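What the coordinates show
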Amino acid sequence: MSAVTTPSTAGRAGSVRLPGVLASGLSRVGYEVRGYFRSPDTVFFTFLFPLIMLGIFTAAFSSSGDIAPGPGTAGVSVGAYYLPGMLAAGVLLSGVQNLAVDIAGEKGDGMLKRLGGTPLSPVSYFIGKLGQVFTTGVLQAGLLLLVAATVFGVELPTSGEAWLTFAWVFVLGTVASALLGIALSAVPRSARSATAVVVPIVLVLQFISGVYLQFSALPEWMQNLASLFPLKWMAQGMRAAFLPEDFAVMEQHGTWDLGWVALWLLVWLVIGLVASRLTFRWIRRDA
Amino acid sequence: MDQIQSPAVRVRGLRKAYGQVTAVDGIDLDIARGETLALLGPNGAGKSTTIEILEGYRRRSSGEVSVLGADPATGGRAWRSELGIVLQSAAETGLYTVREQLRQFAGYYPNPRDVDEVIAAVGLEQKAGTRISKLSGGQRRRVDVALGIVGRPQLLFLDEPTTGFDPEARREFWGLIERLKAEGTTILLTTHYLDEAAQLGDRAAVILGGRIVAEGAIAELGGPAARVPIVRWRDASGVRREQRTERPAELVAALAAEAAPTTADGRGGEPAELEVIRPSLEDVYLELVRAAEASTVSPIVAIPEEARA
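Since we're looking at a predicted model, the values are computed, not measured.

What follows is about the overall build of chain A. Counting its regular elements, chain A contains 12 helices and zero strands. Considered along the principal axes of its C-alpha atoms, chain A spans approximately 90 × 40 × 35 Å. Burial analysis of chain A (287 residues in total) assigns 53% to the buried set. In chain A, once contacts between residues fewer than 6 apart in sequence are set aside, the share between residues at least 24 apart is 79%. For chain A, the exposed surface amounts to about 12,400 Å²; the carbon and sulfur share of it is 69%.

Here you go:
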């Protein structure tokens, strides 16, 4: 009895073994993924949205025939043309939209404050968020590819090189998007304003970056504007992976520019890292 | 050795200003290890600011603060693992079940309590597999309390823990806190229910206008003068009378003798509307608040939740 009733910091300090930062982070991944799929808004507007848009575009434009890089060249189906853009949009939504709204919500409803009162390391929290984005992003891309291949009859690439391109664009794009989402979550002043702040940004980017509109058909100033943001580069990288080689002539410089894709995504990854590091707080802390 | 003897909480000259507004204006406070202190005061008196400084959520403007031997402003993860915090406002996204949420939080602590035992302790066995969004307000509050104690804290902050509880739930909650006290947990409690403070607190401190105006054992708060029994009655001329006396029985006997006999057998009369009141903690507290409001020049200013310097 006396052993229980006389706790001593000195005595306990030696035996305190905090759970590891990585272990706690990994335990949060499963928890976060579960929460993601239990939020109807997220499932619809983030997870299924690119798939729904792919279905709509394929249904709407298939009657006007295949899309070809030039007159007299072999084209691809509308579904095949839109697939890379939707994959890129999925990466952006899973990272930026999902996390910006999610974290702003957790800030608004006091969950971040509560977590800040526990020994959980912010690093573990971020491992959980990144893991959630990665897991749901992979499932989302897998579902898109599966439906595209089976329902819309899109022929998926067979070369290892194409899948390698897809893989690094996906990974780089996902990490950059997730970090940018964390950074963007600092902007909304309340949980309720989060979607109003985040969705327009993401939507405009999708229109100017070649997700919904054929990038080559956009005016040059809009292409240049889009080139400042990561989605254009993700979409371009995805097109490089999934479209035939001769579609490269439709890009801004007539090539896939994969080096630039990698560089721009890296730049945005670093911007996201620095911005989220500078802006993230468990609570809006006063002086 | 020094560690063991040092109080769980030690505060000296604590001040917190938000711009021109001083929320906390020089507080000294000690909470011994294993003790339960009830911090009382009206909304906006500086209670929440003080607690949030002790919890490490807010930074102080000046003063010395030591919580479990560390400065809350720089306390790390090991320090946090010794604290349990039940915030004033419940915060639940509600996507998880009670057990899932507790299991997740238990994983952050080095030596957590058994999750099912905690669920049972807060009386939510029947709801363990229910999503938090489906619970009633009082049940969610119990989840908050469960999350606060699952890490086996040495020091537990309870900020208005039973708001929204029905009387039975409140009794059960008191039982839970009594058990935690018996295990040696130090508790800092704020509440608007003075009976709760009297029930759970070893000592109470009353904070008004950012200062502590009274502090002491629950039974002695406000000093002996505040505890003198009050006798109230209506006199023969119909005037309400009130008198404080250490010897209420004597006064009552005198009053009875004075009163005109009302029965045929000539016994003493009954003074009309006679009451003998032994001031409760609530009476003492309200008296302190009234006295402070009457004497203080500076009004009690409410600090907005998100106030920033």
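On a plain count of helices and strands, chain B comes out with 11 helices and 12 strands. Scored against the burial criterion, the 309 residues of chain B give a buried share of 49%. Counting contacts in chain B only where the partners sit at least 6 residues apart, residues at least 24 apart contribute 64% of the total.

It is common to report an interface's size as the accessible area lost on association of the parts. Taken domain by domain, chain B holds domain 1 (2-222 + 281-295) and domain 2 (229-277). A separation of 44 Å is found between the C-alpha centroids of domain 1 of chain B and domain 2 of chain B.

Moving on: the pairing of strand S7 (residues 186-190) of chain B. All names here are of chain B. For S7, a buried count of five out of five residues is recorded, marking the element as mostly surrounded by other parts of the structure. Strand direction decides the pairing type here: strand S6 (residues 155-159) and S7, joined by five bridges, are parallel. Residue pairing in the sheet places Phe157 in a bridge with Leu188 of S7.

A separate point is the packing of aromatic side chains. Where two aromatic rings form a pair, the distance of their centres and the angle of their planes describe that pair. By the definition in use, this model includes 27 aromatic pairs over all chains. Between Tyr81 of chain A and Phe247 of chain A, the aromatic rings sit 6.3 Å apart at their centres with planes inclined by 40 degrees, giving tilted as the arrangement. Residue Tyr81 of chain A is located in helix H5 (residues 78-108), and its partner Phe247 of chain A is located in the loop between helix H11 (230-242) and helix H12 (258-279); the two are separated by 166 residues in the primary sequence. Phe247 of chain A matches Tyr81 of chain A in its accessibility class, with the two residues each being buried. The rings of Phe57, Phe61, Tyr81, Tyr82, Phe207, Tyr212 and Phe247 of chain A are connected pair by pair, giving a single aromatic cluster. The side chain of Lys113 of chain A reaches across the aromatic face of Tyr57 of chain B, ending 5.2 Å from its centre. Against the face of Trp233 of chain A rests Lys232 of chain A, its NZ or CZ located 3.8 Å from the ring centre.

All names here are of chain B. Pairing is antiparallel in the open sheet, where three strands are placed in the order S2-S1-S4. Only two strands of the sheet have a single neighbouring strand rather than two, namely strand S2 (21-31) and strand S4 (62-67). Here the strands of the sheet are splayed against their neighbours by 25 degrees on average, with no regard to which way each runs. Relative to S4, strand S1 (residues 9-18) is paired through five bridges, and the arrangement is antiparallel. Bridge pairing in S4 places Arg15 opposite Ser62. Lying over the sheet, helix H2 (residues 47-55) contacts S1, S2 and S4, oriented at roughly 120 degrees with respect to S1.

Let's shift gears to unusual backbone geometry. Even without glycine at this site, Leu68 of chain B takes up a positive phi of about 50 degrees. If you trace the backbone, Leu68 of chain B turns up in the loop between S4 and helix H3 (77-80).

A side chain of one charge can pair with a side chain of the opposite charge when the charged atoms of the two come close. All names here are of chain B. Enumeration over the complete set of coordinates arrives at 32 salt bridges over all chains. The partner of Arg141 in a salt bridge is Asp144, and the shortest N-O contact between them spans 2.9 Å. In this pair, Arg141 and Asp144 both sit in helix H6 (residues 137-149), three residues apart, roughly one turn of the helix. In this structure Arg141 comes out as buried when scored by relative accessible area, which is 4%. Its relative accessible area of 1% is what places Asp144 among the buried residues. Between Arg142 and Glu172 there is a salt bridge, with its nearest N and O atoms 3.7 Å apart. Of the two residues, Arg142 is situated in helix H6 and Glu172 in helix H7 (residues 167-182); the sequence distance between them amounts to 30 residues. Arg142 gets classed as buried once you look at its relative accessible area, which sits at 17%. Each member of the salt-bridge network shares a partner with another, and the members are Arg232, Arg234, Arg240, Glu242, Glu273 and Glu275.

On to the confidence of the model for chain B, then. Residues and elements named next belong to chain B. Looking at chain B as a whole, its pLDDT mean stands at 87, while 90% of the residues score no less than 70. Segment residues 297-309 is flagged for pLDDT under 50; beyond a separation of four residues in sequence, or across chains, it makes 23 contacts in the model. With a pTM of 0.85, the predicted complex shows an ipTM of 0.87.

Turning next to the packing of helix H8 (residues 160-184) of chain A against H11 of chain A. All names here are of chain A. Relative orientation of the contacting elements H8 and H11 amounts to 165 degrees, with a least axis distance of 8 Å. Taken as axis vectors, H8 and H11 run roughly antiparallel relative to one another. The handedness of the crossing between H8 and H11 is left-handed. Each of Ala162, Trp163, Thr165, Phe166, Val169, Phe170, Gly173, Ser177 and Leu180 in H8 lies in contact with H11, whose residues at this interface are Pro230, Met234, Gly237, Met238, Ala240, Ala241 and Phe242. Residue composition of the contact of H8 with H11, by class: 12 nonpolar, four polar and no charged.

The final tally for this structure, using the stated rule, is three cavities of 30 Å³ or more. Its volume calculated, the largest cavity comes out at about 90 Å³. The wall of the largest cavity is formed by 13 residues, among which Arg114 and Thr118 of chain A together with Ile85, Tyr109 and Leu147 of chain B lie closest to the centre. Listing elements by their share of the lining of the largest cavity, those giving two or more residues are helix H6 (111-116) of chain A together with strand S5 (83-86) and H6 of chain B. Counting residues per element, the lining of the largest cavity draws most heavily on S5 of chain B, at three residues. For the second largest cavity, the calculated volume is near 50 Å³. Every residue lining the second largest cavity is listed: Tyr81, Phe215, Ser216, Arg239, Leu243, Phe247, Met250, Glu251 and Trp256 of chain A. Residue composition of the lining of the second largest cavity, grouped by class: six nonpolar, one polar and two charged.

All names here are of chain A. What UniProt calls "transmembrane region" (unreviewed entry) maps, in this numbering, to residues 43-61, 81-104, 133-154, 166-187, 194-215 and 258-280. End-to-end, the C-alpha atoms of residues 166-187 are 31 Å apart, and along that stretch the chain is 86% helix and 0% strand. The straight-line gap between the two end C-alpha atoms of residues 258-280 is 32 Å; of that span, 96% is helix and 0% is strand.

Conventions used here
- Numbering of residues begins from 1 in every chain and follows the order in which that chain's sequence is written.
- Written order determines the labels here, with chains lettered from A and ligands numbered from 1.
- For this predicted model, a pLDDT threshold of at least 70 governs which residues receive local features, and a threshold of 80 or more governs which side-chain atom pairs are given and counted, while totals over whole chains, interfaces and linings are taken from all residues.
- Side-chain calculation: all heavy atoms of the structure are included, whereas hydrogens and water are not.
- Secondary structure elements follow DSSP: runs of H or I no shorter than four residues count as helices, runs of E no shorter than two count as strands, and numbering proceeds from the N terminus.
- Throughout, exposure labels follow a simple rule: accessible area from a 1.4 Å probe, protein chains only, divided by the maximum for the residue type, with under 20% read as buried, over 50% as exposed, and the rest as partly exposed.
- By the convention used here, residues are in contact when the closest approach between their heavy atoms is within 4.5 Å.
- A 1.4 Å probe and the Shrake-Rupley method give the accessible areas. Residues count as covered only by the protein chains that appear here.
- Start and end points for every domain follow an automatic or database-based domain assignment.
- For two strands to count as paired, DSSP must find a minimum of two bridges between them.
- Pairing of aromatic side chains requires ring centres within 6.5 Å, counting the rings of Phe and Tyr and the six-membered ring of Trp. Pairs whose planes differ by under 30 degrees are stacked, by over 60 edge-to-face, and all others tilted.
- A ring is scored as having a charge over it whenever the NZ atom of a lysine or the CZ atom of an arginine sits within 6 Å of its centre and within 35 degrees of its normal.
- Lines fitted to C-alpha atoms define the axes, with helix axes restricted to the stretch in contact, and inter-axis angles between N-to-C directions lie between 0 and 180 degrees.
- Each salt bridge in this description consists of a side-chain nitrogen of Lys or Arg and a carboxyl oxygen of Asp or Glu lying within 4 Å of one another.
- Think of pLDDT as the predictor's per-residue confidence, scored from 0 to 100.
- Any angle from 65 to 115 degrees is called roughly perpendicular, while one under 35 is roughly parallel, one over 145 is roughly antiparallel, and all others are oblique.
- For any helix crossing, the convention is left-handed if the near helix is rotated counterclockwise from the far helix by under a right angle, and right-handed if that rotation is clockwise.
- Under this grouping Gly is polar, as are all residues other than the nonpolar Ala, Val, Leu, Ile, Met, Phe, Trp, Tyr, Cys and Pro and the charged Asp, Glu, Lys and Arg.
- Lining residues are defined by having an atom within 4 Å of a point belonging to a cavity or pocket. Those points lie on a 1 Å grid over the protein atoms alone, cavities being sets where a 1.4 Å probe fits but cannot get out and pockets being open sets with protein on both sides within 12 Å along at least five of seven lines.
- Grid points are joined across faces, edges and corners, and a volume is the space filled by probe spheres set on the points.
- UniProt positions are given in the numbering used here, feature names are shortened, and annotations may be inferred rather than shown by experiment.

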